Amino acid sequence: MTPSPDFPQAPRRADAGTDSLHQRRRAPTARELEAIPWLPALTPAERAGVLPEITAVNARPGDHVCRVGRPVTYWFGVIEGLLKMSSDTAQGQTMTFAGLPSGGWFGEGTALKREPYRYNVQALRASVVAGIPVDSFHWLLDHSIGFNRFIMSQLNERLGQFIAAREIDRLNNPDARVARSLAALVNPVLFPRVGEVLRITQQELAYLVGLSRQRVNEALRHLQDQGVIRIEYGGLRVLDLPALRQGQFGPARGGG
């Protein structure tokens, strides 16, 4: 496929020699391209322009995809795996904003404003992350109606996600906190590849919710007893998403 003649070329990173993730970048496979939710919204000419610009990287557990204060150079998405978006407070505590499972693209607000990151994004497990240069992101905004619709939907849904995250932080009922956090992870707009089965360990969920693994286990058992989820090997199946979103459950059984 021939790129559109006015499609911008990927910028060179000034820190490319020290960024191990950048050094590990590669071309995405055909299967990985099929997992990108916004590609079908593009016209054939737009796809031809953007495909050569897409890169992928295999992130190891603990790798930082984004760091606070770093300039934005790419718009990223999770092809496979699980990332955590968080920030550290002045008191040294970590505040988690969102979990980012397979199919989720993130950082469009930062890319739009071309401002430094105000959050860290870190891999909780081995993950495949894709990205397009920020100049290519803006080229699509200037030329693609389908891409603009996708971004508007993302921004609208993201606003609701962060409002819900603030509400979760104020919940005293651990079962409700786990339920609302699970609902955010299976959001069909932000994470279309998750579906009804969420592949996540109890320890990973504990990192995202801010509770102990034992307390998360107890909450999941409680939610399963109420018919909201079903715990399966390697994850869980969502049976009642509206109930998860409401997060209205009985008192927690035991300490946190």
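Draft legend 1. View of the pairing of strand β8 (residues 127–133). Burial within β8 is extensive, with seven of its seven residues counted as buried. A two-sided burial pattern is seen for β8, the buried positions comprising S127, V129, G131 and P133 on one face and V128, A130 and I132 on the other. Looking at chain direction, strand β1 (residues 55–59) and β8 are connected through five bridges and run antiparallel. Its bridge partner lying in β8, A59 is registered against S127. As paired elements, strand β3 (residues 74–80) and β8 share six bridges and run antiparallel to each other. Paired with E80 across the bridge in β8 is V128.

Draft legend 2. Region of interest: the side chain of S144. Within the element layout of this structure, S144 appears in the loop between α5 (134–143) and α6 (145–169). Judged by relative accessible area, S144 falls into the buried class, the value being 1%. Reaching out from S144, the side chain makes a polar contact with the backbone nitrogen of F147 at a distance of 3.0 Å. Residues within four places of S144 in sequence aside, it is in contact with L42 and E46.

Draft legend 3. Region of the structure containing the packing of helix α7 (residues 174–185) against helix α8 (residues 202–209). Relative orientation of the contacting elements α7 and α8 amounts to 100°, with a least axis distance of 10 Å. Taken together, the axis directions place α7 and α8 in an arrangement best described as roughly perpendicular. Facing R177, V178, S181, L182 and L185 of α7, the residues of α8 in contact are L205, L208 and V209. For the contact of α7 with α8, the per-class residue count stands at six nonpolar, one polar and one charged.

Draft legend 4. Representation of the sheet that holds strand β4 (residues 82–88) in the model. Reading across from one edge, β2-β7-β4-β5 is the order of the four strands in this open sheet, with antiparallel pairing throughout. On the outer flanks of this sheet lie β2 (64–66) and β5 (94–101), each paired with one strand and no other. Here the average twist between neighbouring strands, direction ignored, is 30°. Across seven bridges, β4 lies against β5 in antiparallel orientation. The residue of β5 that forms the bridge with D88 is T94.

Draft legend 5. Geometry of the sheet that holds β1. Ordered by their spatial adjacency, four strands build an open sheet running β1-β8-β3-β6, and the pairing between neighbours is antiparallel. Looking at which strands have only one partner, the edges of the open sheet turn out to be β1 and β6 (105–106). Along the sheet face, α5 touches β3 and β8 and points at about 65° away from the line of β8.

Draft legend 6. Broad picture of the environment of P133. Here P133 lies in strand β8. Note: C-alpha distance between P133 and W75 (58 residues apart in sequence) is 6.4 Å.

Draft legend 7. The environment of R118, seen in detail. Summarising the element assignment, R118 is placed in the loop between α4 (108–113) and β7 (120–123). It is 9.0 Å that separates the C-alpha atoms of R118 and S86, two residues lying 32 residues apart in sequence. Those residues in contact with R118 that lie beyond four places of it in its chain are V68 and S87. For R118, the side chain forms a polar contact with the side chain of E115, separated by 3.4 Å.

Draft legend 8. Highlighting helix α9 (residues 213–225). Helix length check: α9 (13 residues) gives 18 Å between terminal C-alpha atoms against 18 Å at 1.5 Å per residue, within 8%. Turning to α9, its buried residues are R215, V216, E218, A219, L220, H222 and L223.

Draft legend 9. Inspection of the confidence of the model for the protein chain at higher detail. Per-residue confidence for the protein chain gives a mean pLDDT of 85, with 84% of residues at or over 70. In this model, residues 1–18 is a region of pLDDT below 50 whose contacts with residues beyond four sequence positions or in other chains number 32 contacts. Long-range and interchain partners of residues 251–256, a stretch whose pLDDT sits below 50, account for 17 contacts in this model, where long-range means more than four residues apart.

Draft legend 10. Expanded view of α8. Of all eight residues in α8, six are buried, a share of seventy percent or more. Among the residues of α8, Q202, E204, L205, A206, L208 and V209 are the ones counted as buried. Contact partners of the buried residues in α8: β4, β5, α7 and α9. Directly after α8, the chain includes G210, whose backbone phi takes a positive value near 85°.

Draft legend 11. The packing of aromatic side chains, seen in detail. Counted according to the given criterion, the structure contains eleven aromatic pairs. Consider the rings of W75 and W105, whose centres lie 4.7 Å apart with planes at 45°: the pair is tilted. Separated by 30 residues along the polypeptide, W75 in strand β3 and W105 in strand β6 bring together distant segments of the chain. Residue class for W105 comes out buried when judged on its relative accessible area of 1%. Three or more aromatic residues link up through ring pairs in this structure, and these residues are W38, W75, W105, F137, F147 and F150.

Conventions we followed
One numbering rule holds for all chains: residues counted from 1, following each sequence as written. Only residues with pLDDT of 70 or above have their local features reported here, since the model is predicted, and side-chain atom pairs are shown and tallied only from 80 upward, although totals for entire chains, interfaces and linings are computed over all residues. Remark: hydrogens and water are excluded; side-chain values derive from all non-hydrogen atoms of the structure. Think of it in three bands: residues with accessible area under 20% of the maximum for their type are buried, residues over 50% are exposed, and the middle band is partly exposed, with areas taken using a 1.4 Å probe on protein chains only. Secondary structure counts use DSSP, requiring at least four H or I residues in a row for a helix and at least two E residues in a row for a strand, with both numbered from the N terminus. When DSSP finds at least two bridges between two strands, those strands are taken to pair. Residues adjacent in sequence count toward polar contacts only when both atoms are side-chain atoms; beyond that, a polar contact is any pair of N or O atoms within 3.5 Å, and within protein one must be able to donate a hydrogen and the other to accept it. Two residues form a contact once any of their heavy atoms are found within 4.5 Å. Every axis corresponds to a line fitted to the C-alpha atoms, with the helix fit spanning only the stretch in contact, and the corresponding angles, defined between N-to-C directions, vary from 0 to 180 degrees. Geometric relationships in this document are graded by angle, where less than 35 degrees denotes roughly parallel, more than 145 denotes roughly antiparallel, 65 to 115 denotes roughly perpendicular, and other angles denote oblique. Each residue is assigned to one class: nonpolar for Ala, Val, Leu, Ile, Met, Phe, Trp, Tyr, Cys and Pro, charged for Asp, Glu, Lys and Arg, and polar for all the others, Gly among them. Multiplying 1.5 Å by the residue count of a helix minus one yields the expected span of that helix. By definition, pLDDT measures how confident the predictor is in each residue, and it falls between 0 and 100. Stacked, tilted and edge-to-face are the three classes assigned to paired rings of Phe, Tyr and Trp, where Trp is represented by its six-membered ring and a pair needs centres within 6.5 Å; plane angles under 30 degrees give stacked, over 60 edge-to-face, the rest tilted.

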